[in-house]
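Reading the structure
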Amino acid sequence: MSPTPNLVAEPERRQTKKASTAAVLSFLFMGLGQIYNRQYIKGILYALVEIYVIVFLTNPIVNGLWGLITLGEQAQVRRRGRVVIEGDHSIFLMIEGLIIVIVLVIFLLFYIYNIRDAYKTGKLHETGEKVNSFIESLKKSWEYGYAYILLTPAAIFTLFLSVLPLTFGILIAFTNFSSPNHLPPKNLVDWVGFQNFIDLFRLQAWSKTFYGIATWNIIWAILATFTTFFVGMFFALIINHNKVRLKRMWRTIFILPWAVPQFISILVFRNIFNGQFGPLNQYLSTLGIDPIPWLSDPFWAKVALVTINIWLGFPFWMALIAGVLTNIDKELYEAAEVDGASTFQKFRSITFPLLMYYTSPLLIMSFAGNINNFNVIYLFTQGGPADGKYTYAGSTDLLISWIYKLTLNHSQFYMASVLSIMIFIVVAVFSIWNFRQTKAFKEEEMM
């Protein structure tokens, strides 16, 4: 019998065993696997990181996780207006706990990289391949990981400045954080699970307001998107017509509403639509028409909002569609004329399909943006006029302006957080779907 198979298999088993041993040692304590692979400087540095975490961060980690889980156990105690016991601040404990979780995630990723590094180096060492020294490893890391080194600080800042606040806002939805019953430090905040979501849909005080505002929110997003689009398209088609002269002048005039700051335009329109002394109602009175309650009647307030939004939004679509029209191949129209197509038929079969092809992703993005169009609603009507059927909301409030009122005016933080999650889900679905329709995403899938 030939001993060749056993002689070949035995080194492979030893190789796997050596690499696995290094990985296990690094799993037990950071740096041991590197020291086992005779990378002493790297191993000592890894070990110092874990020693630092154990010595200096053990208590903060334990306290942070305790605070995140319990949200405190002792409320503030006052006697005769003086604080006798400081107590636990549930919100501070939650934030500190989230910071600790992020630090643990970063450390865990570093720990996994330490194990992976020990395993890979062990395999190189046992197969007789060259193992880089510490200086060579630094040079290689700088050469091949230059982009990652530059991105790491930005990624860490993103974790603490974006991910942390976002996660905090989400977690508030699963608590009873509100005023006056659960506002720290006087009162502790408790975890309530999905009870707030259930209340939003079951309790009439919340559900009636939510369904009413959500319905108007969708209607508003549709009207605000398509009215500006079609008005912009109308002006772009007229200006692009062959018989229209001074095209640049007309484009400049109609782009001015977009150039003026939205804040100024909305405040001007608020005075124009004023029911008592607004110039619009005064002009209607001279024509024998009764003044219209633009700001005090829910229906007319919504009509005024859509009208103002058209003025603010159509210049963008006009400029965009004008650019698309100039890039449509003229031979398509010439061929249609040869076939005897009318102006409407050319628009229906050539112009409109091409416009929709190029602008559909932007339409979807505009729709998602109009769902959260806070400026127009709040600056013009402040969500009014008041509606007795709604809780903490007016007739023209959107979900985003309702959240603003719940947070700043009424301290209903938990319900505001629930609504924020609902909006995030809707906008995220539209954004992801919009991205999946773009050429860049489809070409990336084909690569």
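Let us look at the structure shown here. (Residues numbered from 1 in each chain as written. Predicted model: local features only at pLDDT ≥ 70, side-chain atom pairs only at ≥ 80, totals over all residues. Heavy atoms only, no water.)

A word on the overall build of the protein chain. Scanning the protein chain for helices and strands turns up 19 helices and 2 strands. In terms of overall size, the protein chain is more extended than a compact globule, its C-alpha atoms giving a radius of gyration of 32 Å where 447 residues would be expected to give roughly 22 Å. Expressed as lengths along the three principal axes of its C-alpha atoms, the size of the protein chain is roughly 105 × 85 × 40 Å. Each of the 447 residues in the protein chain was classed as buried or not, and the buried ones make up 34%. Carbon and sulfur atoms form 67% of the exposed surface of the protein chain, whose accessible area is close to 27,100 Å². Distance from the positive charge centre (34 side chains) to the negative charge centre (26 side chains) of the protein chain: 3 Å. (Helix = DSSP H or I, 4+ residues; strand = E, 2+ residues; numbered from the N terminus. Rg over C-alpha atoms; globule rule 2.2 N^0.38 Å. Buried < 20%, exposed > 50% of the residue type's maximum accessible area, 1.4 Å probe, protein only. Areas by Shrake-Rupley, 256 points an atom, 1.4 Å probe, with all protein chains shown as cover. Lys, Arg positive; Asp, Glu negative; His and termini not counted. Charge placed at Lys NZ, Arg CZ, Asp CG, Glu CD.)

Once that is clear, we can look at the pattern of salt bridges. Throughout the structure, instances matching the rule amount to 4 salt bridges. Residues Asp 117 and Lys 42 are paired through a salt bridge, measuring 3.5 Å at the closest nitrogen-oxygen approach. Of this pair, Asp 117 sits in helix α5 (residues 90-126) while Lys 42 sits in helix α3 (residues 40-56), placing them 75 residues apart in sequence. Taking the relative accessible area as the measure of exposure, Asp 117 reaches 12% and is therefore buried. Assessed through its relative accessible area of 14%, Lys 42 is described here as buried. (Salt bridge = Lys/Arg side-chain N within 4 Å of Asp/Glu carboxyl O.)

For strand β1 (residues 77-79) and strand β2 (residues 82-85), the ladder comprises 3 bridges, and the chain directions are antiparallel. Paired with Arg 79 across the strands is Arg 82, a residue of β2. Once β1 ends, the chain turns through 2 residues before running back antiparallel as β2, passing Arg 80 with a positive phi of about 55°. (Pairing = 2+ DSSP bridges.)

Quick reminder: α-helices carry 3.6 residues per turn. Residues three or four places apart thus point the same way. Leu 399, Ser 401, Trp 402, Ile 403, Lys 405 and Leu 406 are the residues of helix α17 (residues 399-409) that are buried. Of the surrounding elements, those touching the buried residues of α17 are α9 (204-240), α16 (374-380) and α18 (413-436). One or two residues past the end of α17 sits Ser 411, with phi positive at roughly 55°. (Contact = heavy atoms within 4.5 Å.)

What the rule picks out here adds up to 35 aromatic pairs. Geometrically, the ring pair formed by Phe 107 and Tyr 111 is edge-to-face, given 5.8 Å between the ring centres and 65° between the ring planes. In this pair, Phe 107 and Tyr 111 both sit in helix α5, 4 residues apart, roughly one turn of the helix. Using a relative accessible area of 13% as the deciding quantity, one classes Tyr 111 as buried. A network of ring pairs unites the aromatic residues Phe 269, Phe 273, Trp 294, Phe 299, Trp 300, Trp 311 and Phe 380 as a single cluster. Its guanidinium or amino end placed over the ring of Trp 216, Lys 302 lies 4.9 Å from that ring's centre, counting from NZ or CZ. (Phe/Tyr/Trp six-rings, centres within 6.5 Å; stacked < 30°, edge-to-face > 60°. Lys NZ or Arg CZ within 6 Å of the ring centre and 35° of its normal.)

Moving on, we come to the environment of Gly 43. As for its position among the elements, Gly 43 is in helix α3. Considering only alpha carbons, one finds Gly 43 and Asp 190, 147 residues apart in sequence, at a separation of 44 Å. Beyond its immediate chain neighbours, meaning those up to four positions away, Gly 43 contacts Met 30, Gly 31, Gln 34 and Ile 35.

With 22 residues, the main nonpolar core has Leu 200, Trp 206, Leu 399, Trp 402, Leu 406, Met 415 and Leu 419 as its most contacted residues. Of all the elements in the fold, those that place two or more residues in this core are α8 (195-202), α9, α17 and α18. Here this core takes 8 residues from α18, the largest share from any one element. The contact partners of Trp 402, leaving out residues within four places of it in the chain, are Trp 206, Thr 209, Phe 210, Ile 213, Thr 391, Tyr 392, Ala 393, Asp 397 and Leu 419. (Core = buried A, V, L, I, M, F, W, Y, C linked by side-chain atoms within 4.5 Å.)

A separate point is helix α13 (residues 298-326). Spanning 29 residues, α13 covers 42 Å between terminal C-alpha atoms, matching the ideal 42 Å at 1.5 Å per step. Taken as a whole, α13 carries its principal kink of about 40° at Gly 313; the proline Pro 315 stands between one and four residues after it. For α13, the side-chain oxygen to backbone nitrogen distance between the N-cap and Phe 299 is 3.1 Å, and the N-cap itself is Asp 297. (Expected span 1.5 Å × (residues − 1). Bend = angle between axes of the 7 residues up to and from the residue. Polar contact = N/O pair within 3.5 Å; in protein donor to acceptor, adjacent residues only side chain to side chain.)

Moving on, we get to the side chain of Thr 351. Residue position: Thr 351 is located in helix α15 (residues 343-371). Excluding residues within four positions of it along the chain, Thr 351 makes contact with Leu 237, Leu 325, Ile 328, Tyr 333 and Lys 346.

Within the secondary structure, Thr 381 sits in the loop between α16 and α17. At 2.8 Å, the side chain of Thr 381 and the side chain of Thr 396 are in polar contact.

So, about the environment of Lys 389. You can see Lys 389 is positioned in the loop between α16 and α17. Placed 181 residues apart in sequence, Lys 389 and Lys 208 show a C-alpha to C-alpha distance of 7.6 Å.

Estimates place the volume of the largest pocket at around 1,300 Å³. Tyr 46, Phe 110, Tyr 113, Asp 117 and Ser 141 are, among the 30 residues lining the largest pocket, the residues nearest its centre. Here the element with the most residues in the lining of the largest pocket is α5; it accounts for 9 residues. If you add up the space inside the second largest pocket, you get close to 600 Å³. Considering the residues around the second largest pocket, the lining is formed by 13 residues, among which Asn 240, His 241, Asn 242, Tyr 333 and Lys 346 are closest to the centre. For the lining of the second largest pocket, the elements supplying multiple residues, two or more each, are α9, α14 (330-338) and α15. A class-by-class count of the residues in the lining of the second largest pocket yields 4 nonpolar, 5 polar and 4 charged. (1 Å grid on protein atoms, 1.4 Å probe; cavity = no way out; pocket = protein on both sides within 12 Å on 5 of 7 lines; lining within 4 Å. Points joined across faces, edges and corners; volume = space filled by probe spheres on them. Nonpolar A, V, L, I, M, F, W, Y, C, P; charged D, E, K, R; others polar.)

Turning to unusual backbone geometry, a few remarks are in order. Glycine aside, residues mostly have negative phi, and peptide bonds are mostly found in the trans state. Cis peptide bonds are those with omega within 30 degrees of zero, and the linkage from Pro 184 to Pro 185 qualifies with 5°. Along the chain, the position of Pro 185 falls in the loop between α7 (146-172) and α8. Cis geometry marks the peptide bond from Gly 384 to Pro 385, where omega comes out at 5°. Along the chain, the position of Pro 385 falls in the loop between α16 and α17. Even without glycine at this site, Arg 38 takes up a positive phi of about 65°. Unlike most non-glycine residues, Ser 411 shows phi in positive territory, near 55°. Considering the arrangement of structural elements, one finds Ser 411 in the loop between α17 and α18.

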